[in-house]
Amino acid sequence: MAATAPPRCRPSGGCATEPITIDLLLPDDHAGREAAASVLLASFDNPQRYDRARIEAQLISAEAPFYRHFFVARCGEEIVGAGGIKAADWAIDTHILYMSAVAEHVRGQGIARGLIAARIAWVLENFPSGRLLVSTARPRRFNRLGFRVVGKHESDGRRLMMMEFRPT
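Okay, so let's go over this structure.

Rules and cut-offs
Residues numbered from 1 in each chain as written. Predicted model: local features only at pLDDT ≥ 70, side-chain atom pairs only at ≥ 80, totals over all residues. Heavy atoms only, no water. Helix = DSSP H or I, 4+ residues; strand = E, 2+ residues; numbered from the N terminus. Rg over C-alpha atoms; globule rule 2.2 N^0.38 Å. Buried < 20%, exposed > 50% of the residue type's maximum accessible area, 1.4 Å probe, protein only. Contact = heavy atoms within 4.5 Å. Areas by Shrake-Rupley, 256 points an atom, 1.4 Å probe, with all protein chains shown as cover. Lys, Arg positive; Asp, Glu negative; His and termini not counted. Charge placed at Lys NZ, Arg CZ, Asp CG, Glu CD. Expected span 1.5 Å × (residues − 1). Arc of directions from axis to C-beta. Pairing = 2+ DSSP bridges. Salt bridge = Lys/Arg side-chain N within 4 Å of Asp/Glu carboxyl O. Core = buried A, V, L, I, M, F, W, Y, C linked by side-chain atoms within 4.5 Å.

Topic: the overall build of the chain
Next, step 1: A count of helices and strands for the chain gives four helices and eight strands.
Next, step 2: Overall, the chain shows an N-to-C arrangement of helices and strands of β-β-α-α-β-β-β-α-β-α-β-β.
Next, step 3: Computed over the C-alpha atoms, the radius of gyration of the chain is 16 Å, within 12% of the 15 Å expected from 2.2 N^0.38 for a compact globule of 168 residues.
Next, step 4: In terms of principal-axis extent, the alpha carbons of the chain reach across some 45 × 35 × 30 Å.
Next, step 5: Residues counted as buried form 42% of the 168 residues belonging to the chain.
Next, step 6: Across the chain, contacts joining residues at least 24 apart in sequence account for 51% of those joining residues at least 6 apart.
Next, step 7: Just so you have it, the chain exposes about 9600 Å², and 52% of that area is on carbon and sulfur atoms.
Next, step 8: When the 22 positive and 18 negative side-chain charges of the chain are each reduced to one mean point, those points stand 9 Å apart.

Here's what the structure looks like:
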């Protein structure tokens, strides 16, 4: 499942060159996993919580019932973003958007929105109903997508948000 996001990547100081594509990180794409790990590691400034070993372990796909997959954004051959989706192992029909990051040199081009859209589309294509959870510092971005804030408190500047979906 490959999606092409409308933005085009711009080399620093240059004009649009390559389309940005977003697709599932394949289990045998070892170079892709390594590049995605580097993007994630550079974005998460918390080595106690997000060290390279933990990030690399999360990038390995797992199958149902407790699946875990990552989508990557590519500008040409370069991986410039990554975002995970996984099944909650503590609640039925619950899916979690997690560990999303975009390389600093391509931020502000819609890549994060594309990664979010690809993961939401994947869940909606693969599950008839359920809920999606995300912890975010950008609640307005998710509110526009149909998520609502859960609870009244935030933690470390982040809010828990949920989107429920059912068959139409």
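Read on for the rest.
Quick notes on helix 1 (residues 30–43)
Next, step 1: If you check helix 1, its first and last C-alpha atoms are 20 Å apart, about what 14 residues at 1.5 Å a residue would give, namely 20 Å.
Next, step 2: All of the buried residues along helix 1 are Gly-32, Arg-33, Ala-36, Ala-37, Val-39 and Leu-40. Looking straight down helix 1, one finds its buried side chains confined to an arc of 165°; they lie on one side. Of the exposed residues in helix 1, the ones pointing more than 90 degrees away from its buried face are His-30, Ala-31 and Ala-42.
Next, step 3: Buried residues along helix 1 sit in contact with helix 2 (52–58), strand 3 (68–75), strand 4 (78–87) and strand 5 (94–102).

A few points about the pairing of strand 8 (residues 159–165)
As a general feature of sheets, a regular strand has side chains that alternate between the two faces.
Next, step 1: Along strand 8, five of the seven residues are buried, which leaves the element largely enclosed by surrounding structure.
Next, step 2: In terms of strand pairing, strand 6 (residues 130–136) meets strand 8 through seven bridges, oriented antiparallel. The partner of Ser-135 across the bridge, within strand 8, is Leu-160.

A few points about the pattern of salt bridges
Next, step 1: In the structure shown here, the tally under the stated rule is five salt bridges.
Next, step 2: For the salt bridge of Asp-23 with Arg-74, the shortest nitrogen-to-oxygen distance reads 3.9 Å. Here Asp-23, found in strand 2 (residues 18–24), pairs with Arg-74, found in strand 3; they are 51 residues apart in sequence, far enough to count as distant.
Next, step 3: Glu-34 serves as the salt-bridge partner of Arg-52, at 3.3 Å between the closest nitrogen and oxygen. Of the two residues, Arg-52 sits in helix 2 while Glu-34 sits in helix 1, which places them 18 residues apart along the sequence.

Notes on the nonpolar core
Next, step 1: Judged by nonpolar contacts, the single largest core of 27 residues is most densely connected at Ile-85, Leu-97, Ile-111, Leu-132 and Phe-147.
Next, step 2: Secondary-structure elements contributing two or more residues to this core are strand 2, strand 3, strand 4, strand 5, helix 3 (111–126), strand 6 and strand 8.
Next, step 3: Examining the composition of this core, we find that seven residues originate from one element, helix 3, more than from any other.
Next, step 4: If sequence neighbours within four positions are ignored, Ile-85 has contacts with Tyr-67, Arg-68, His-69, Phe-71, His-95, Ile-96, Leu-97, Tyr-98, Arg-119, Trp-122, Val-123 and Leu-132.

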